[in-house]
Amino acid sequence: MSSNIQFEVTAPGKIILFGEHSVVYGKPAIACAIDQHTTLTFTESYCNNQDLNTIPCRIILPLINYSGMLTIHLDAKSTFSPTTYFQETLNKLNKNEPFLNELDTLSGNEKKTLTVLHFIFGGILSCYMKQLKNVSFTIGITSVLKLGAGTGSSASYCVSLVAACLAYVKFKINSNVEIQFDPLLDDFHSQSGDNLLIIEPFTDNITFSDGEKCLINRWALLAENFIHTKASGLDNTICTYGTMVQYTKLNSHKLLEAPELKILLIYSGVERSTGNVVQSVRTKYNDDIYQPILDGIFNSIGQIVNSAVNAIDQMAQNPLHELQQISVLQTLMDMNQGLLMSLGVSHETLDAIVAILKKFDLHAKLTGAGMGGYAICLVPPNFHKSKIQTCMQELKIYGFESNICTIGCPGVRIQTK
């Protein structure tokens, strides 16, 4: 058994190129990992705790200005279902029942953020370790991603937590852990089924297998549901797998091959709740007057996504036509933004950003839920650097922070310290 286990996990943020909101209603979307990350440092130490079912954990979370102790409670049941565990935890929170002493004294962002951490570590360790004795953890998490801005900050946080906990299991176990696992089932720790996932101890190759990434993705989706009530699953998928993904609900995803692309990422300065914006669209959709109209909008956005996938595939197959296909993507961005405006999820600041970029022959759209957060635009490889700098300076004059990012970077990664 390893002692003094130390490692670092990074999970990227994300932007949605096409398909916001319609993805919640079963249409495809395209998301890309960006080279801005959440970083989690994990350190195991020994302590005098004789309770096999509790683990003292020191948490350092600058992103919510929190530093304190949290006791991780393991479930001693002989069988354990993640989805049942999720529902039981959610029921306690919704009914304001006593949960954990350390959490019950907190409120708002702190309570939600730490509840997710406890849910993940308590659940995964209960599934795959059962009991731990005389150990404690120190977990520090930092992120360059702005909260509630559409760049996947919560999903990046959830994926980094799940990956860190699974990594700890892999460092700690002496032999393989076999679990029944079907990514299409709601309960992905079912005691029946034909699909067997093998969790193996880490050796010289400190990476996650495809099956383990699938497991990370499913746990992260449950955690995302704490934060957003009903998450589409898109954000956690791209933060887990990275690169560029065509995604539909039920975790169906296709990795897209594309050349390295640059985007301009522009912050509107307006914070908003993803859950609230998604709910505002759902409220309209539940009205019989608007539902057929919204179905038409969602279908059109789905067609935009399919056209964008075709353009991206063409870029991969014939790099000489890259600029031509980028031009197609720019036109599709204009169309997608127009449809998102008709849904009522744009914002006057986002509209202003789009207008400024249009003066420089750049095509922009909101990314994420909208009503604030970020706007994005593709920067063609032949776009002159001085012109983009002038554009960024003008955005700054109007109070908009911007920076150039690379899209399509790797997903969750781990390295030892």
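In this text the structure is predicted, and so the values were computed from the model without any measurement.

The rules behind each value
- Residues numbered from 1 in each chain as written.
- Predicted model: local features only at pLDDT ≥ 70, side-chain atom pairs only at ≥ 80, totals over all residues.
- Heavy atoms only, no water.
- Helix = DSSP H or I, 4+ residues; strand = E, 2+ residues; numbered from the N terminus.
- Rg over C-alpha atoms; globule rule 2.2 N^0.38 Å.
- Buried < 20%, exposed > 50% of the residue type's maximum accessible area, 1.4 Å probe, protein only.
- Areas by Shrake-Rupley, 256 points an atom, 1.4 Å probe, with all protein chains shown as cover.
- Salt bridge = Lys/Arg side-chain N within 4 Å of Asp/Glu carboxyl O.
- Contact = heavy atoms within 4.5 Å.
- Core = buried A, V, L, I, M, F, W, Y, C linked by side-chain atoms within 4.5 Å.
- Phe/Tyr/Trp six-rings, centres within 6.5 Å; stacked < 30°, edge-to-face > 60°.
- Lys, Arg positive; Asp, Glu negative; His and termini not counted.

Draft legend 1. Local environment of the overall build of the protein. Scanning the protein from terminus to terminus reveals 11 helices and 14 strands. Relative to a compact globule of 417 residues, whose C-alpha radius of gyration would be 22 Å, the protein shows 22 Å and is just as compact. For the C-alpha atoms alone, the extent of the protein along its principal axes is close to 65 × 50 × 45 Å. Expressed as a percentage of its 417 residues, the buried residues of the protein come to 54%. Of the roughly 17800 Å² of accessible surface on the protein, 49% is carried by carbon and sulfur atoms.

Draft legend 2. Focus on unusual backbone geometry. For His-21, which is not glycine, the phi torsion reads 70 degrees and is therefore positive. Along the chain, His-21 turns up in the loop between strand E1 (6–18) and strand E2 (29–46). Given the relative accessible area of 5%, His-21 is considered buried. For Met-371, which is not glycine, the phi dihedral falls at a positive 55 degrees.

Draft legend 3. Structural view of the pattern of salt bridges. All chains considered together, the criterion is met by 9 salt bridges. Notably, a salt bridge pairs Lys-254 with Asp-313, separated by 3.8 Å at the nearest N-O pair. One end of the pair, Lys-254, is in strand E9 (residues 252–256); the other, Asp-313, is in helix H8 (residues 291–317), with 59 residues separating them in the sequence. Using a relative accessible area of 39% as the deciding quantity, one classes Lys-254 as partly exposed.

Draft legend 4. Local environment of the environment of Asp-186. Structurally, Asp-186 can be placed in the loop between strand E6 (177–180) and strand E7 (196–199). With 136 residues separating them along the chain, Asp-186 and Glu-322 place their C-alpha atoms 40 Å apart. The contact partners of Asp-186, leaving out residues within four places of it in the chain, are Thr-83 and Arg-218.

Draft legend 5. Geometry of the nonpolar core. Core analysis: the largest hydrophobic core is formed by 147 residues, its most contacted members being Phe-121, Leu-125, Phe-137 and Trp-219. In terms of residue count, the dominant contributor to this core is helix H4 (residues 153–172) (14 residues). Those residues in contact with Leu-125 that sit more than four places away from it in its chain are Ile-55, Leu-74, Lys-130, Leu-132, Phe-137, Cys-165, Tyr-168 and Val-169.

Draft legend 6. How the structure looks around the packing of aromatic side chains. Scanning the model with the defined rule gives 18 aromatic pairs in all. Ring geometry for Tyr-25 versus Tyr-285: centroids 4.7 Å apart, planes at 50 degrees, classification tilted. One end of the pair, Tyr-25, is in the loop between E1 and E2; the other, Tyr-285, is in helix H7 (residues 274–285), and 260 residues separate them in sequence. Comparing Tyr-25 with Tyr-285 shows no difference in burial state: the two are buried. Ring centres of Phe-42 and Phe-121 lie 6.3 Å apart, and the angle between their planes is 5 degrees; on these two criteria the pair is classed as stacked. Of the two residues, Phe-42 is situated in strand E2 and Phe-121 in helix H3 (residues 108–128); the sequence distance between them amounts to 79 residues.

Draft legend 7. Main features of the side chain of Glu-322. Among the structural elements, Glu-322 can be located in helix H9 (residues 322–343). Among buried charged residues, Glu-322 stands out as having no salt bridge; its nearest opposite-charge side chain is Lys-262, 11 Å away. Among all residues touching Glu-322, those that are not within four sequence positions of it are Pro-259, Leu-261, Met-315 and Pro-381.

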